[in-house]
Amino acid sequence: MLKEVFNKPLKWSAMKNLIFKEVDDLIIGSLGIVAFISFFVGGVVSIQTALNLTNPLIPRNLIGFATRQSVILEFAPTFISIIMAGKVGSFITSSIGTMRVTEQIDALEVMGVNSLNYLVFPKIIALLLYPFVIGISMFLGILGGWMAGVYGGFTSSDEFIQGLQMDFIPFHIAYAFIKTMIFALLLATIPSYHGYFMKGGALEVGKASTVSFVWTSVSIILANYILTQLLLSK
Amino acid sequence: MIEIKNIEKSFGDTKVLKGISTVFETGKTNLIIGQSGSGKTVLLKTLLGIHYPDTGTISFDGRIYSDLTADEKRELRTEIGMVFQGSALFDSMTVEENVGFPLKMFTKQTPKEIQERVDFVLKRVNLVDAHKKKPSEISGGMQKRVAIARAIVNKPKYLFCDEPNSGLDPKTAIVIDNLIKEITEEYDITTVINSHDMNSVMEIGEKIIFLKEGILAWEGTKKDIFKTDNEAIVDFVYSSNLFKKIRKAQNKEHGND
């Protein structure tokens, strides 16, 4: 399957348009929901941390530190990816699956178009911009945490920012984006596979979307565990 | 001309096509008829290269499909137009984008040339006001016309139609049938139509092959249908009361009653 996907496209001009369309559908179209969730979950992480700091000896800058670590290491790359498996993954499976059911994929093949390349390659290229989404998620998650912490009266702005800067390990950013790239590949290929090779009618398109979401989520969780073990353990 | 020799195709333990040999002639509408499950669609998909035959050869004007290189197969596919049962128009594209798609993908024509050709074929299929509409915004009959326009836009040598009348009212079905026949003669192409609509058969069928349980049970012209004693085709065609009456009337006319 992957060999066919990465074959030379029939026409680069047509492929370029498809890639722009996929960037619009998969990346730009996801920014709203990602921004909303990231901002509020970042806020909740900050409040939860603050509410659990009952010992007066523990400094309040820990709120900023905990928010940064939670958002950068796990929330933005992993949990946003699970949400994207539901949003983008279901969209990919159902759109390709519908094309299968309505013989549009057969039509491409009969014309001599490599349908796997035509349908899947632009999605993979578009999702190379996925780290951009996660970068925004990280920023908004921390911003939400700062606003909830400061305006909720749990910490001061200086303390929160001090916490953000405390014990900062630049490799954690690299780790988060390495994970993100692997998840992007999973988000593009697993739903495409379930859509492309589905059989049946409209009901099966719905089932394929569900199965695709489950397998993409499971793969992301497992990949997350393996990558964390490989990249962070000493 | 498309010549098939001893085509066999199985799916698991089920043998769907059992040694079919025939010739589909150029400039004629060739119809494959038969009951549901007789192997019509599998034969059509085998001709199109969607299924590969287990044995036998398919030859397109002397070019044996299985002997062609990948590039030659791709080249051959650009000479094929296909009208799918459900039209198979691309949902995300407008009517004119659908029709212009093969030109955009396979030719070096400029956007202006593509637009001119698209306008011409849409006019040819009597569709003038739907250029900017999406497939979901037009009727089933119009979708079929768009599918025909897309199939002929790149001037194919071979036109395949899978149940072109399914889901259409009788009047629109006749319009579509006649359009396919006119295009076949006008472009001198080899047209193969998969159908179980006897009205289509009698309207446009110049060569008819009848499949029964994966075997070519009968072949001939539409005139031959009224004369044949082949039990399989008689049983299939005259399952309709209308055709029983026509046969009775014809036999009476020829004094055979």
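Quick notes on the rules
- Residues numbered from 1 in each chain as written.
- Chains lettered and ligands numbered in written order.
- Predicted model: local features only at pLDDT ≥ 70, side-chain atom pairs only at ≥ 80, totals over all residues.
- Heavy atoms only, no water.
- Pairing = 2+ DSSP bridges.
- Helix = DSSP H or I, 4+ residues; strand = E, 2+ residues; numbered from the N terminus.
- Axes fitted to C-alpha atoms, helices over the stretch in contact; angles between N-to-C directions.
- Contact = heavy atoms within 4.5 Å.
- UniProt positions renumbered as here; feature names shortened; annotations may be inferred.
- Salt bridge = Lys/Arg side-chain N within 4 Å of Asp/Glu carboxyl O.
- Buried < 20%, exposed > 50% of the residue type's maximum accessible area, 1.4 Å probe, protein only.

Going by an unreviewed UniProt entry, chain B carries the name Phosphonate ABC transporter ATP-binding protein and comes from Flavobacterium orientale.

The name given to chain A in an unreviewed UniProt entry is ABC transporter permease, with the source organism recorded as Flavobacterium orientale.

Moving on: the sheet that holds strand β9 (residues 207–212) of chain B. Residue and element names in this part refer to chain B. Ordered in space as β6-β7-β8-β3-β9-β10, the 6 strands form an open sheet in which the pairing is mixed. Only two strands of the sheet have a single partner each, and these edge strands are β6 (80–83) and β10 (215–220). In this sheet, adjacent strand axes meet at a mean angle of 20° when their direction is disregarded. Both strand β3 (residues 29–34) and strand β8 (residues 190–195) contribute to a ladder of 5 bridges, which runs parallel. Pairing of T29 across the sheet is with T191, part of β8. On the sheet, helix α1 (residues 40–47) packs against β3, β6, β7 (158–162), β8 and β9 and is oriented at approximately 150° with respect to β8.

This part takes up the UniProt feature "domain: ABC transporter" (unreviewed entry) in chain B. UniProt's feature table lists "domain: ABC transporter" (unreviewed entry) at residues 2–238 of chain B, given in the numbering used throughout. Between the end C-alpha atoms of residues 2–238 of chain B there is a gap of 29 Å, over a span that is 39% helix and 26% strand.

A complete count under the given rule lists 16 salt bridges over all chains for this structure. One salt bridge connects B:E186 with B:R124, and the closest N-O pair in it is separated by 2.8 Å. Note that B:E186 is positioned in helix α6 (residues 170–187) and B:R124 in helix α4 (residues 111–124), a separation of 62 residues in sequence. The exposure class assigned to B:E186 is partly exposed, which follows from its relative accessible area of 46%. Accessibility expressed as a relative area gives 17% for B:R124, which makes it buried. Note that B:E219 is salt-bridged to B:K207, the shortest N-O span being 3.0 Å. Of this pair, B:E219 sits in strand β10 while B:K207 sits in strand β9; the two residues are 12 residues apart in sequence, bridging distant segments of the chain. By sharing partners, the salt bridges in this structure join A:R100, A:D106 and B:K45 into a single network.

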